[in-house]
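Coordinate inspection notes
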Amino acid sequence: MHSQSLISTPVSPQSVIGHPVQPLLHDSTIILAAPTQAWSLPNGRTELPIHGLYHADTRVLSEWDVSVGGERGEAIAQAGRGSGEVTFTSLLRHLDDATADPRLRLEVTRTVTAGRMRERITIRSGLDHTVSTTIALRVHPDFSDMQTVKAGLADPESRRAFPTADLPETPVVDLETLADGIRLSTPSVTALLRFGSDATLAQTPWSAAGGAHRADADAAAPIVAASWAVEVPAHGTATVEWTVDVEHSATVVQAAGGLPEWDGVTVHSGDARLGRWVQRALDDLSGLRMATTAQPDEPFLAAGAPWFFTLFGRDSLWAARFLLPLGTDIAGSTLRLLASLQGTVSDPETAEQPGKIMHELRPGAFSMPGESLNLPPLYYGTVDATPLWICLLNDAWHWGLPDAEVADLLPHLEAALGWMRDSGDSHDDGFLSYVDETGHGLANQGWKDSGDSIQWRDGTLAEGPIALCEECRRTRTRRRSAEPSCSRLSVAPARTSGAPGRRTCRTGSGHPSGSTLPRGATQRSPSTRTSVRWTRSRATSATCSARACSTPRNRRSSPPASSRPNSTPVSACGRCRPTRPATGR
């Protein structure tokens, strides 16, 4: 018999498949604090193609490596604290004594806050004597853009393997040696690496010269190396740390100010796992909370990390909607932010149309190397963000969004309803449909928006215009919810007279009201790859200890069923909500 290591040397999939592939994420560890995120292996080490330190749409560092006494150590554990901190623990048996139980270990605590990453490196000893050794750090600057990393073409080897790929130019990096670190900068991004006065910087050609140095644009950025000579006392510790501070002048997103409205919320139930699960989920949401640089006082939740770490209409609306039981602050700011970007003109290049809610926001054009996709910085190619915006406005009002805030958004509601009637239903058949008119936008513009996500039963890709069944259902829901809400807010009937109501789908039919198929005809419907099943959970109780409870506000009425699909309803207490035992429906 023979043994096989569970950790093998990674093989680039590009060299096997023969074309660029998107990096996999399933086996990585992430910590984040919008708009900064750090990815690594579960043992804390970093390697291409996905790992590194990201800020907004730029990967600032691609790799960094810590060694003690010339070796990395043997990883044994990791422990996370919230969404922005994790500690990796390794054994240093090559420096230990000959006893069976390891007494020397390495703890690397990595912390990410907005615009900063810090690593605190601690050697902890249980030995009876002092250990003298060296901690060494090697850092690989990168400055690749997000779409190049996503395409799997950010490293020099992949670039050489696919020379015909339409890639952006390698960024030119300025390097400046400082008293306690290195400053790396491109025209839009600056990273300041500090190692402390007790660190020794390795003598590289550019550091030996002193001052500023410009790297060759066609070569990879040079490696930054630092080391610390340390003495670990008997039964004691020795600690060093290094930091990276990032500034991005071209980004369109930034950290959101203040604390989220769910800060301090706890859940208690008969199963302790539920409380831990909710706490982890809320911590993750806090890490996704950000704002735009244009409107820093209107926080929202980013769509996801790493690729979609920015404002997406659909995703930000859904996230705010599901958080309504904990308050309406994030819903209100998301509604206002998207309303400020609501379409006013018809522009096929950006997919903007009057009354339409945007899809995504980037600092520049988003293009995928090797693909025809090329999206403008502010893109409106989505069929569902507009009805979801209407849905969130109605549900947030039911959950306690102040009347004055709702009233300010009513002109935008009228414009959104008008889009559903006019541009959204461009064929006057009762269906909200979409089609990319440019040839380089999103071919599919629902929540399943990959190029091959909408297919016929035989596997043939569906071509636009495409009407999704879920949007047909939402058309009915938005119309039924918007008009009563407006009337209860004393809005003149004329404001909602244009709501799409005469051409909506019959429940369960899939055809517009009053329409029929020709005799003998059959309807061929595209199939989708994904199915979602909602399950009812047992009744439980939740306790809210958030500070927001100091300003209680009664909920107007039971929240609409549309805001809690097939889930256990949670009753409200003021702004933070969950207090009373919930019962299943």
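A brief structural summary. By convention here, each chain's residues receive numbers from 1 onward along its written sequence. With the structure being a predicted model, the display of local features is reserved for residues of pLDDT at least 70 and the display and counting of side-chain atom pairs for 80 or more, all residues being used for whole-chain, interface and lining totals. To get the side-chain values, take all heavy atoms of the structure and skip hydrogens and water.

**Things to note about the overall build of the chain**
Secondary structure counts use DSSP, requiring at least four H or I residues in a row for a helix and at least two E residues in a row for a strand, with both numbered from the N terminus. Secondary structure assignment for the chain yields ten helices and 29 strands. Exposure categories follow from relative accessible area, calculated using a 1.4 Å probe and restricted to protein chains: below 20% of the type maximum is buried, above 50% is exposed, and the middle band is partly exposed. Counting only residues that meet the buried cut, the chain has 47% of its 585 residues in that class. Only heavy atoms enter the contact rule, under which two residues are in contact if any of them lie within 4.5 Å. When contacts within the chain are restricted to residue pairs at least 6 apart in sequence, long-range pairs at least 24 apart make up 65% of them.

**Re the sheet that holds strand E4 (residues 58–68)**
If DSSP finds at least two bridges between two strands, the strands pair. Ordered in space as E1-E2-E3-E4-E9-E15-E13, the seven strands form an open sheet in which the pairing is antiparallel. Strands with a single pairing partner mark the edges of an open sheet, and in this sheet they are strand E1 (29–33) and strand E13 (200–201). As paired elements, strand E2 (residues 36–40) and strand E3 (residues 52–55) share four bridges and run antiparallel to each other. Each bridged residue has a counterpart across the sheet, and for Gln-37 the counterpart in E3 is Tyr-54.

**Examining the environment of Ala-250**
Relative to the elements of secondary structure, Ala-250 occurs in the loop between strand E16 (237–248) and strand E17 (253–255). Taking relative accessible area as the criterion, Ala-250 reaches 35% and is therefore assigned partly exposed. In sequence terms Ala-250 and Pro-187 are 63 residues apart; their C-alpha atoms lie 9.2 Å from each other. Discounting residues that sit within four places of it in the chain, Ala-250 has contacts with Ser-188 and Pro-363.

**Quick word on the environment of Leu-184**
Locating Leu-184 in the fold gives a position in strand E11 (residues 181–185). Overall, the relative accessible area of 0% leaves Leu-184 in the buried class. Considered as a pair, Leu-184 and Val-173 are eleven residues apart in the sequence and their alpha carbons are 6.4 Å apart. Setting aside anything within four residues of it in sequence, one finds Leu-184 in contact with Pro-141, Phe-143, Val-173, Asp-174, Leu-175, Val-189, Thr-190, Ala-191 and Leu-193.

**Some thoughts on the pairing of strand E8 (residues 116–125)**
Sheet analysis places strand E7 (residues 104–113) next to E8, joined by ten bridges and oriented antiparallel. Bridge assignment links Thr-111 to a residue of E8, and that residue is Arg-118. The loop that links E7 with its antiparallel partner E8 comprises two residues; one of these, Gly-115, has a positive phi angle of about 80 degrees. Direction of pairing for E8 relative to E16: antiparallel, over a ladder of nine bridges. Bridged to Arg-116 within E16 is Asp-245.

**With respect to helix H6 (residues 313–322)**
Three or more residues of H6 are buried, namely Gly-313, Arg-314, Ser-316, Leu-317, Ala-320 and Arg-321. Packed against the buried residues of H6 are strand E20 (300–301), helix H7 (329–340) and helix H8 (385–399).

**Concerning the nonpolar core**
Looking at soluble globular proteins, one finds that nonpolar side chains tend to be buried together. Nine residue types can take part in a nonpolar core, namely buried Ala, Val, Leu, Ile, Met, Phe, Trp, Tyr and Cys, and a core is a set of them joined through side-chain atoms within 4.5 Å. The biggest cluster of nonpolar side chains holds 67 residues, and the ones touching the most others in it are Trp-262, Leu-317, Leu-335, Trp-389 and Leu-393. Put simply, the parts of the chain that give this core at least two residues each are helix H5 (272–288), E20, H6, H7, H8 and helix H9 (403–421). Counting residues per element, this core draws most heavily on H8, at nine residues.

**Regarding the sheet that holds E20**
What the three strands build is an open sheet, ordered E17-E19-E20; its pairing is antiparallel. Pairing within the sheet leaves two strands with one partner each, and these edge strands are E17 and E20. As judged from the three bridges shared by E17 and strand E19 (residues 289–292), these two strands associate in the antiparallel manner. Of the residues in E19, the one forming a bridge with Gln-254 is Ala-291.

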